[in-house]
Amino acid sequence: MKKKDMLMLLPYCVPWIFLALYGDKAYGIAWQYGAVLAILAVGAGVLREHGRVLLFGNLLSFCISLLLVRLFGYDEMNYYFKPFTAYGWVAVLTAVSAVIQMLVWKKQHDRKQ
């Protein structure tokens, strides 16, 4: 991976989905889910030529989010995230986010050509 690609990958090292879960659990505010999806969609628009970074970044953020769910003990609070477990909710949100990002990326990529 090129140095430029590595720099573009840095924002994906942030566990965005976990931060939304944390905000929901700690403060009872669910708007973070929408904010996270919007932030990641805008990021996908910037990565026009770097679809590989987008895919790898989502995988990296997903893994970090899963690790933090475990470290913060959210895996034992599955009742809070019904109908999913905490891990399931991270997977669902990551999948929805990835689909939105890929659609935005595809639109931006096609517009450039």
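All figures in this text were calculated on a predicted structure; none of them were measured in a lab.

Cut-offs and rules
- Residues numbered from 1 in each chain as written.
- Predicted model: local features only at pLDDT ≥ 70, side-chain atom pairs only at ≥ 80, totals over all residues.
- Heavy atoms only, no water.
- Helix = DSSP H or I, 4+ residues; strand = E, 2+ residues; numbered from the N terminus.
- Expected span 1.5 Å × (residues − 1).
- Buried < 20%, exposed > 50% of the residue type's maximum accessible area, 1.4 Å probe, protein only.
- Arc of directions from axis to C-beta.
- Contact = heavy atoms within 4.5 Å.
- 1 Å grid on protein atoms, 1.4 Å probe; cavity = no way out; pocket = protein on both sides within 12 Å on 5 of 7 lines; lining within 4 Å.
- Points joined across faces, edges and corners; volume = space filled by probe spheres on them.
- Nonpolar A, V, L, I, M, F, W, Y, C, P; charged D, E, K, R; others polar.
- Core = buried A, V, L, I, M, F, W, Y, C linked by side-chain atoms within 4.5 Å.
- Axes fitted to C-alpha atoms, helices over the stretch in contact; angles between N-to-C directions.

Engineer: Teacher, can you tell me more about helix α4 (residues 51–71) here?
Structural biologist: Given 3.6 residues to a turn, an α-helix orients residues that are three or four positions apart in the same direction. The end-to-end C-alpha distance of α4, which contains 21 residues, comes to 30 Å, matching closely the 30 Å that a straight helix rising 1.5 Å per residue would cover. Among the residues making up α4, those that are buried are Gly51, Val53, Leu54, Gly57, Asn58, Ser61, Ser65, Leu68 and Val69. The arc that holds every buried residue of α4, seen down its axis, measures 135°, which confines them to one face. In α4, the exposed positions angled more than 90 degrees off the buried face are occupied by Arg52, Leu55, Arg70 and Leu71. Among the residues trailing α4, Gly73 stands out with phi positive, at a value near 80°.

Engineer: Looking at this model, I keep getting lost on the side chain of Ser61. Mind explaining?
Structural biologist: If you trace the backbone, Ser61 turns up in helix α4. Given the relative accessible area of 5%, Ser61 is considered buried. Sequence-distant contacts of Ser61, defined by excluding residues within four places in its chain, comprise Tyr12, Val14, Pro15 and Trp16.

Engineer: When you look at empty space enclosed by the protein in this model, what are you seeing that I'm missing?
Structural biologist: One simple way to see leftover space: roll a probe sized like a water molecule over the atoms. Throughout the structure, instances matching the rule amount to 1 cavity of 30 Å³ or more. Each pocket or cavity is described by its volume, and for the largest cavity that value is around 40 Å³. Of the residues assigned to the lining of the largest cavity, the class counts are 5 nonpolar, 3 polar and no charged.

Engineer: Hey, could you run me through the nonpolar core in this one?
Structural biologist: Across soluble globular proteins, you tend to see nonpolar side chains buried next to one another. Ranked by size, the top nonpolar core spans 21 residues in total, and within it Leu21, Tyr33, Val36, Val69, Tyr74 and Phe81 carry the most contacts. Every element with two or more residues in this core is listed here: α2 (16–27), α3 (31–46), α4 and α5 (86–112). It is α2 that contributes the most residues to this core, 5 residues altogether. Among residues more than four places away in sequence, those in contact with Phe81 are Leu21, Lys25, Tyr33, Tyr74, Ala86 and Trp89.

Engineer: Please explain the packing of α2 against α4 as it appears in this structure.
Structural biologist: Remark: α2 packs on α4, axes separated minimally by 7 Å, with the N-to-C direction vectors making an angle of 35°. Residues Trp16, Ile17, Phe18 and Leu21 of α2 form the contact with α4, whose participating residues are Ser61, Ser65, Leu68 and Val69. Residues belonging to the contact of α2 with α4 are distributed by class as follows: 6 nonpolar, 2 polar and no charged.

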